[in-house]
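Spelled out, the chains give:
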Amino acid sequence: MSGENKLIPPGSTIGVLGGGQLGRMLAHAGNRLGYRFVTLDPTPDSPCGQTASQIVANYDDKEAARELAERSDVITYEFENVDAGVAAMLESESYVPQGSALLYTTQHRLREKKAVEAAGVKVAPYAEIVSLESLRASATNLGLPAVLKTATGGYDGKGQWVLRTERELEAAWTEASQTGTELVLEKFIAFDKEISVIAARSPSGEVRTFAPAENIHVNNILHLSIVPARIAESVRGEAVKLAVSIAETLGVVGLIAVELFVTPDGDLYVNELAPRPHNSGHYTMEASKTSQFEQHIRAVCDLPLGDPALLTPVVMVNVLGEHMQPVLEWMARKDTAAERLGVEPKVHLYGKAEAKHKRKMGHINVLAPSVEAALKWVDETNIWRV
Ligand code: AMP
């Protein structure tokens, strides 16, 4: 069942497919509103499982998914690579207000690009690649540099090859074609900034957007989200308008994160969509009147959406495995830099047992009188030098 309006009152149980940090923060926000949570995740004692009851099973385990459906009044997901069979089964056996159509679209770069274009929004010029010959022809048409990407399964820069010269085409094709997935070539956008806008839409059609974030990646992993984004007001307004148009045209229920490239001329191109809470929206936990997590719960339960207004400048900085030790040392001492700069760093750790290199372990929302003060604090702590 999907596509209908159904109020899910507090006291009900929300099932979350996926037990990572996004599920954990959804559960924290939902618990506050009186909801109970059950999560399905293969890793025992998952970040979400620590705050909810957990079914320990693989994501494509239909029996486990059926159990999740039986125990839940409404089901949501915290990642987009949900097995298509499981998604369809959950929809028929339970209530999944987000539906499976949006998942189907966002699981595949080509389908996603067509849907974005149908909403009247630009994506980087692209072509489907089926052979070395088509790669050569498209590289000529689109021009180099260009980025070859797998249509499915890529994240954090995995499954991507940046092509700068024609000599690189053959080797990239050999590697990429071995992935066995469809491929797409995108024109390289010489962007000035990367930003994201998170919109929420309820089944009743109410849409609210959060303040656009300026995102800085290191080694293809999000490092900083700076809010307000340092962009022209006209670009900010346009980005918000595009996100609303995408949420409405795609019939989104819950959150949709829209990642955009901003060119030096202020043109906007959609890079990617994510139909779930997004790392670049973690800043909303303290810096917005309503967090992205509460907003998602409100949307899927068809409660009136909260006010997403920004309360303060903020910089969200991710804590990866290699930052854990310095973060723990910093937490144990008095922070004179924060006092001097007048900033308030708010720590969120996800309860992951092993601090593996590059693994997202937590984040810090640095509330500040200005984004410059917050950035100065990030620089002065020395935590992110490793
Ligand atoms: P993605 O996995 O598509 O989000 O890409 C990861 C990162 O690669 C983006 O955040 C950009 O920094 C860069 N990138 C991806 N596609 C392009 C493009 N067409 N032009 C320029 N940079 C890109």
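Remember, it's a predicted structure, so these values are computed and weren't measured experimentally.

Caption draft 1: Molecular detail of the overall build of the protein chain. For the protein chain, the helix and strand inventory stands at 13 helices and 17 strands. Relative to the globule expectation of 21 Å for 386 residues, the C-alpha radius of gyration of the protein chain, 21 Å, shows essentially globular dimensions. Dimensions along the principal axes, computed over C-alpha positions, put the protein chain at roughly 55 × 55 × 40 Å. Partitioning the intrachain contacts of the protein chain with sequence separation of at least 6 by distance along the chain shows that 64% fall at a separation of at least 24. Side chains of the protein chain give 38 positive and 49 negative charges; the mean places of these two sets differ by 4 Å.

Caption draft 2: The site of the ligand, seen in detail. Surrounding the ligand, one finds 16 residues, the nearest of these being Lys-149, Gln-160, Glu-186, Ile-189 and Glu-194. One nitrogen or oxygen atom from the main chain of Lys-187 is found 2.9 Å from a nitrogen atom belonging to the ligand. When the ligand sits alone it has 470 Å² of accessible area, and the protein chains cover 90% of it. Elements that contribute at least two residues to the shell around the ligand include exactly strand 6 (146-150), strand 8 (183-187), strand 13 (254-262) and strand 14 (268-274). In terms of residue class, the shell around the ligand is built from five nonpolar, four polar and seven charged.

Caption draft 3: Examining the sheet that holds strand 3 (residues 53-56) more closely. Spatially, 3-2-1-4 is the arrangement adopted by the four strands of the open sheet, whose pairing is parallel. Where the open sheet ends on each side, the last strands, each with one partner, are strand 3 and strand 4 (74-77). Strand-to-strand, the axes of this sheet are offset by a mean angle of 25 degrees, without reference to chain direction. Alignment of strand 1 (residues 13-17) against strand 4, held across four bridges, turns out to be parallel. Bridging across to strand 4, Ile-14 finds its partner in Val-74. Its contacts with the sheet place helix 2 (residues 62-71) against strand 1, strand 2 (36-41), strand 3 and strand 4, and it is angled at close to 175 degrees to strand 2.

Caption draft 4: Seen up close, empty space enclosed by the protein. Here the structure, examined in full by the defined rule, presents one cavity of 30 Å³ or more. Volume-wise, the largest cavity comes out at about 60 Å³. Lining the largest cavity are Leu-17, Ile-75, Thr-76, Tyr-77, Val-82, Ala-87, Leu-90, Glu-91, Val-96, Gly-99, Ser-100 and Leu-103. Among the secondary structure elements, those contributing two or more residues to the lining of the largest cavity are strand 4 and helix 3 (84-93). Residues of the lining of the largest cavity, tallied by class, amount to eight nonpolar, three polar and one charged.

Caption draft 5: Representation of the sheet that holds strand 7 (residues 160-163) in the model. The antiparallel open sheet is built from four strands, whose spatial order is 5-8-6-7. The outermost strands of the open sheet, each flanked by one partner alone, are strand 5 (126-129) and strand 7. Put simply, the sheet's adjacent strands are angled 20 degrees from each other on average, direction ignored. Here four bridges tie strand 5 to strand 8, and the two strands are oriented antiparallel to one another. The residue bridging Tyr-126 from the neighbouring strand is Glu-186, located in strand 8. Relative to strand 5, helix 5 (residues 109-118) is tilted by about 150 degrees, and along the sheet it contacts strand 5, strand 6, strand 7 and strand 8. Packed onto the sheet, helix 6 (residues 132-142) meets strand 5, strand 6, strand 7 and strand 8 and runs at close to 175 degrees relative to strand 5.

Caption draft 6: Up close: the pattern of salt bridges. Evaluation of the coordinates by the stated rule reveals 19 salt bridges. Here Glu-214 and Arg-230 are joined by a salt bridge, their closest N and O atoms 2.7 Å apart. Taken together, the residues span a long stretch of sequence, with Glu-214 in strand 11 (residues 213-218) and Arg-230 in the loop between strand 12 (221-227) and helix 8 (233-249) at a distance of 16 residues. The class of Glu-214 is buried, set by a relative accessible area of 3%. A relative accessible area of 38% places Arg-230 in the partly exposed class. One network of salt bridges, in which partners are shared, links Arg-32, Glu-294 and Arg-298.

Caption draft 7: Seen up close, the side chain of His-363. Residue placement: His-363 occurs in strand 17 (residues 360-367). Apart from residues no more than four positions distant in its own chain, His-363 is found in contact with Met-25, His-282, Met-285, Met-316, Val-317, Asn-318, Val-319, Lys-346, Val-347, His-348 and Tyr-350.

Caption draft 8: Spatial organisation of the environment of Ser-245. Residue placement: Ser-245 occurs in helix 8. In this structure, the C-alpha to C-alpha distance between Ser-245 and Pro-42, residues 203 residues apart in sequence, is 36 Å. When residues no more than four places from it in sequence are discounted, the contact partners of Ser-245 are Ala-119 and Val-121.

Caption draft 9: Expanded view of helix 7 (residues 169-177). All of the buried residues in helix 7 are Leu-169, Ala-172, Trp-173 and Ala-176. Mapping the buried residues of helix 7 onto a view down its axis gives an arc of 100 degrees, with all of them on the same face. Contacts made by the buried residues of helix 7 are with strand 5, helix 6, strand 6, strand 7 and strand 8.

Thresholds applied
Residues numbered from 1 in each chain as written. Predicted model: local features only at pLDDT ≥ 70, side-chain atom pairs only at ≥ 80, totals over all residues. Heavy atoms only, no water. Helix = DSSP H or I, 4+ residues; strand = E, 2+ residues; numbered from the N terminus. Rg over C-alpha atoms; globule rule 2.2 N^0.38 Å. Contact = heavy atoms within 4.5 Å. Lys, Arg positive; Asp, Glu negative; His and termini not counted. Charge placed at Lys NZ, Arg CZ, Asp CG, Glu CD. Near = heavy atom within 4 Å. Polar contact = N/O pair within 3.5 Å; in protein donor to acceptor, adjacent residues only side chain to side chain. Areas by Shrake-Rupley, 256 points an atom, 1.4 Å probe, with all protein chains shown as cover. Nonpolar A, V, L, I, M, F, W, Y, C, P; charged D, E, K, R; others polar. Pairing = 2+ DSSP bridges. Axes fitted to C-alpha atoms, helices over the stretch in contact; angles between N-to-C directions. 1 Å grid on protein atoms, 1.4 Å probe; cavity = no way out; pocket = protein on both sides within 12 Å on 5 of 7 lines; lining within 4 Å. Points joined across faces, edges and corners; volume = space filled by probe spheres on them. Salt bridge = Lys/Arg side-chain N within 4 Å of Asp/Glu carboxyl O. Buried < 20%, exposed > 50% of the residue type's maximum accessible area, 1.4 Å probe, protein only. Arc of directions from axis to C-beta.

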